[in-house]
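Geometric and topological summary
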Amino acid sequence: MQALLSRAELFRERIAILSEGSRYTYSQLIDQSAMVAAHLLEGQRDLHESRIAFLIDPSFAYTAVQWGIWQAGGIAVPLCVLHPLDSIRYVLQDAEIGQVVVSQAHLAFLSPVLDELGIRVLEYESLDATIQIADAAPIEENRKAMILYTSGTTSSPKGVVTTHGTIRFQIKSLVDVWGWSEDDHILNILPLHHVHGIINVMSCALWSGACCEFLPKFDVQQVWDVFRTERLSLFMAVPTIYYKLIQYWQSQPVAVQQAMSASCQSFRLMVSGSAALPVPVLEQWEQISGQRLLERYGMTEVGMALSNPYQAERRPGHVGQPLPGVQIRLADSFDQELASGEQGEIQIKGPNVFLEYWNKPDATQSSFTADGWFRSGDIAVVSDGYYQILGRSSIDIIKSGGYKVSALEIESVLLSHPDVLQAGVLGVPDDEWGELIVAALVSRTKQPDLKSIERLVSEKLPSYKKPRRYLMVDDLPKNTIGKVTKHKLKSLFILDQ
Ligand code: MCA
Ligand code: AMP
C-alpha cells in the first residue's frame, strides 16, 4: 500500500480514474481513501488485518474503498456484485468479516445478511467527507492485504491471501514487461473480484500514473463506442470478450466496420488471458484490429506467471515465457522436474505466489510440494522456451467466460434439490465461452421439475456458474469403485449435440 500511495503522490494532478462520466485525480483518490480509512478506524491507528468486505460496482468508489482498507491496515475482501446472497454469506462467514462498505445501489440487497450476521455496515455515499485519517500506522510489506475467492477441486471456494509485498511484485512485474507509463489509458470492463481486473488492469494503471476508465459492466456496444473515441492505449480481456467484440464488428455495415477497425490504431497493446485464446480468435481479431493479441497465463494464487513478449514474437496458441523473477518448472505426478519437451504440471515459485488459503492450512499445505513449489494443476509443454497449456489435471475445474468454476460446487447445489438423486457437472468445448457448463441428472421421480431445479441454482449460484444444458439419464457412468467417470459423461454430451 505504502508503495502505491507514494507512487500516487508523484501524479497528484493527473487523472487517475474516469467513471460514471466523471474524472478523478490522484489527489482525489488519496484524499477519498484516507476518508474511508478514518471511518473504518474509528479513532484506532491500525485495523491489524481485520477483514473488510466491500460491495461496490467497478468505479472510483471501488478504488477509494480498496485503498482506504489498505491504509487502515485491513485486509480487503471484494464481494462480487453478480453473486446471490448465499454466495456472499459464504464469503462473509468464511473470511470472518468485521465490517462491510457498501454502495447505496447494493445496500437493500445486502442488509438482511448483514443484520443476520451482526456485521457493521458503512454506506459509502453517506460517509462524512470532513473526517480524515489522523495518524495511521505504516503498513509493512509482509502484512496480509487481500483475500480473493477462487473455486477449486473442493465444493466451496477458498480465500486466496496475498500480502502487500506479493501485490507490489505482481503489479511491478507487469508494469515493467508490458511497458506501462503515465501516458497510458486503459478501459476496465472486468469484474473486480479477480486478479485480472484488480491487478493487471486497475492496479497497474494506478501504479503507473495512467488513467483507468471504468464501465460498470461489460457491454459490447459500449466497449466499441469507447474504442471509437481513440483515447485508449491498452485493453485487456478474456477470450470470450474478444469473441463478442468480433461478432459485434461482423454485424455492422462495412463503413462502420472500417471506422471501428481504424479506431484500434490508438492502442499500443491488447492482452488476452484467464483462459485459452483460440488461434482463430487471435487471427480474426488481428484482421479486424491490426493488433496481435499478447497472450499470458496466470492464476489467482500466483498473479501472472507466463507471458508472451511485448517486443518479440507473440506465438499463437502459446502463453510465452516465465516473467522476470518467477520460477517455473514442469513436473510429473511425483513432483519430479521433467526433461525439456515432456508434458507436465506447471509448478511455480517466486515473490508472486500467494501466502495461504484463508483458514485452510491443510489445503495450503497440499497445494505446495515438499520443496515449496505451488502446484497449479495445469498441464503444459515447452518448445523453444514458449509454454503451451495443454489442459488441466482435474476435469472438475471448468473455465467458462474466463471464470473458474468448480463442478463439485454446482453438483452439491443440484443434489440439494429433492428431485435429484445423482448429478454430474462438467464443461464441454464452446467457441464463445471456452467451456459451456452442462449437467447430467438422475432423477428420483418420473417427472423431475427442471424449472424448480433451475430456480434453485439461480438462487444459490451466480449466473456464470449455471449449467446451460441438462441431460436426464438413467444412471451416471461409473468405474469399478463407483466413481463417476466424467470423461465418459462428456462424450454423452458431445454425442447429444
Ligand atoms: C453468461 N451467460 C453465459 C455465461 N455467462 N452463457 C453461457 N456460459 C456462461 N459462462 C449468458 C447469460 O445467461 C446471459 O444470457 C448472457 O450470457 C449475458 O449475461 P451476462 O452476465 O450479462 O454476461 P456478460 O456480461 O456478457 O458476460 C460475459 C463476460 C463475463 C463479460 C465474458 O463472463 C466476464 O466478465 N468474464 C470475465 C471473468 C474474469 O475476469 N475472470 C478472471 C478470473 P441470457 O441473456 O440469455 O440470460 S481469472 C484470473 O483473474 C486469473 C488470475 C487470470 O489468469 O486472469
Ligand atoms: P483463476 O483461478 O480464476 O485465477 O484461474 C486460473 C486458471 O485459468 C489457470 O489455472 C488456467 O487453468 C487458466 N488460465 C489462465 N490464463 C490462461 C491462458 N492464457 N491459457 C489457458 N488457461 C489459462
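Look up a bit, the structure's there.
This report concerns the structure included in the present document. The model shown is predicted, which means the values in this text are computed figures rather than measured ones.

Calculation criteria
Residues numbered from 1 in each chain as written. Chains lettered and ligands numbered in written order. Predicted model: local features only at pLDDT ≥ 70, side-chain atom pairs only at ≥ 80, totals over all residues. Heavy atoms only, no water. Buried < 20%, exposed > 50% of the residue type's maximum accessible area, 1.4 Å probe, protein only. Helix = DSSP H or I, 4+ residues; strand = E, 2+ residues; numbered from the N terminus. Pairing = 2+ DSSP bridges. Near = heavy atom within 4 Å. Polar contact = N/O pair within 3.5 Å; in protein donor to acceptor, adjacent residues only side chain to side chain. Areas by Shrake-Rupley, 256 points an atom, 1.4 Å probe, with all protein chains shown as cover. Nonpolar A, V, L, I, M, F, W, Y, C, P; charged D, E, K, R; others polar. Phe/Tyr/Trp six-rings, centres within 6.5 Å; stacked < 30°, edge-to-face > 60°. Lys NZ or Arg CZ within 6 Å of the ring centre and 35° of its normal. Axes fitted to C-alpha atoms, helices over the stretch in contact; angles between N-to-C directions. Parallel < 35°, antiparallel > 145°, perpendicular 65-115°, else oblique. Contact = heavy atoms within 4.5 Å.

Turning our attention to the pairing of strand β23 (residues 420-430). Counting buried residues in β23 gives 8 out of 11 residues, a clear majority hidden from the surface. The pairing of β23 with strand β24 (residues 434-443) spans 10 bridges and is antiparallel. In the sheet register, Leu426 faces β24, and the bridge partner there is Val438. Taken together, β23 and the strand that follows it, β24, pair antiparallel across an intervening segment of 3 residues.

Here we take up the site of ligand 2. Looking at ligand 2, there are 15 residues lining it, with Glu295, Arg296, Thr300, Asp378 and Lys399 nearest. The separation between an oxygen atom of ligand 2 and a polar side-chain atom of Asp378 is 2.5 Å. Taking Lys404, its side chain carries an N or O atom lying 3.2 Å from an oxygen atom of ligand 2. Contact with the protein chains removes 93% of the 500 Å² of surface that ligand 2 exposes when unbound. The element contributing the most residues to the shell around ligand 2 is strand β13 (residues 294-299), with 5 residues. The class makeup of the residues in the shell around ligand 2 is 6 nonpolar, 4 polar and 5 charged.

For the rest of this paragraph, the subject is the packing of aromatic side chains. For the structure on display, the rule yields 15 aromatic pairs. Look at Phe354 and Tyr357: their rings are 4.8 Å apart centre to centre, the planes differ by 55°, and that puts the pair in the tilted class. An identical accessibility class is assigned to Phe354 and Tyr357; each is buried. Here Tyr403 and Tyr464 contribute two aromatic rings whose centre-to-centre distance is 3.5 Å and whose plane-to-plane angle is 5°, an arrangement assigned as stacked. Linking Tyr403 in strand β22 (residues 403-406) with Tyr464 in the loop between α14 (450-460) and β25 (469-472), this pair joins segments that are 61 residues apart in sequence. Of the two residues examined, Tyr403 and Tyr464, each falls in the buried class. Lying across the ring of Tyr386, Arg315 places its NZ or CZ 4.0 Å from the centre.

One way to put it is that helix α6 (residues 164-177) packs onto helix α7 (residues 195-208) with a least axis distance of 9 Å and a crossing angle of 80°. Between α6 and α7, the angle falls in the class roughly perpendicular. For the pair formed by α6 and α7, the contact residues are Ile167, Arg168, Gln170, Ile171, Lys172, Leu174 and Val175 on the first element and Ile199, Asn200, Ser203, Cys204, Trp207 and Ser208 on the second.

Residues in close proximity to ligand 1 total 27 residues, the closest being Lys217, Ser274, Arg296, Gly401 and Arg468. Contact between ligand 1 and Ser274: an oxygen atom at 2.5 Å from a side-chain N or O atom of the residue. When ligand 1 is considered free in solution it has 1,100 Å² of accessible area, and contact with the protein chains removes 75% of it. Within the shell around ligand 1, the residues separate by chemical class into 12 nonpolar, 10 polar and 5 charged.

So, about the sheet that holds strand β17 (residues 344-349). The strand order β16-β17-β19-β20 describes an open sheet built from 4 strands, whose pairing is antiparallel. Each of the sheet's edge strands pairs with one partner strand only, and the pair in question is β16 (327-331) and β20 (386-392). Across the sheet, the mean angle separating the axes of adjacent strands is 50° when strand polarity is ignored. With 5 bridges connecting them, β16 and β17 associate as antiparallel partners. Bridge assignment links Arg329 to a residue of β17, and that residue is Gln347.

Further remarks concern the sheet that holds strand β15 (residues 321-322). Pairing between the strands of a sheet is mediated by backbone hydrogen bonds and can be parallel or antiparallel. Across the sheet, 9 strands lie side by side as β2-β1-β10-β9-β11-β12-β13-β14-β15; this open sheet has mixed pairing. Strands with a single pairing partner mark the edges of an open sheet, and in this sheet they are β2 (22-25) and β15. As judged from the 4 bridges shared by strand β9 (residues 185-188) and strand β10 (residues 211-214), these two strands associate in the parallel manner. Bridge pairing links Asn188 to Phe214 in β10. Against the sheet, helix α2 (residues 26-41) contacts β1 (15-19) and β2, and its axis sits at roughly 80° relative to β2.

As a further point, take unusual backbone geometry. Here Glu20, not a glycine, exhibits a phi torsion of approximately 50°, which is positive. Here Glu20 is to be found in the loop between β1 and β2. When its relative accessible area of 66% is taken as the criterion, Glu20 is described as exposed. Positive phi outside glycine occurs at Asp384, with the angle close to 50°. With respect to the helices and strands, the residue Asp384 is situated in the loop between β19 (374-383) and β20.

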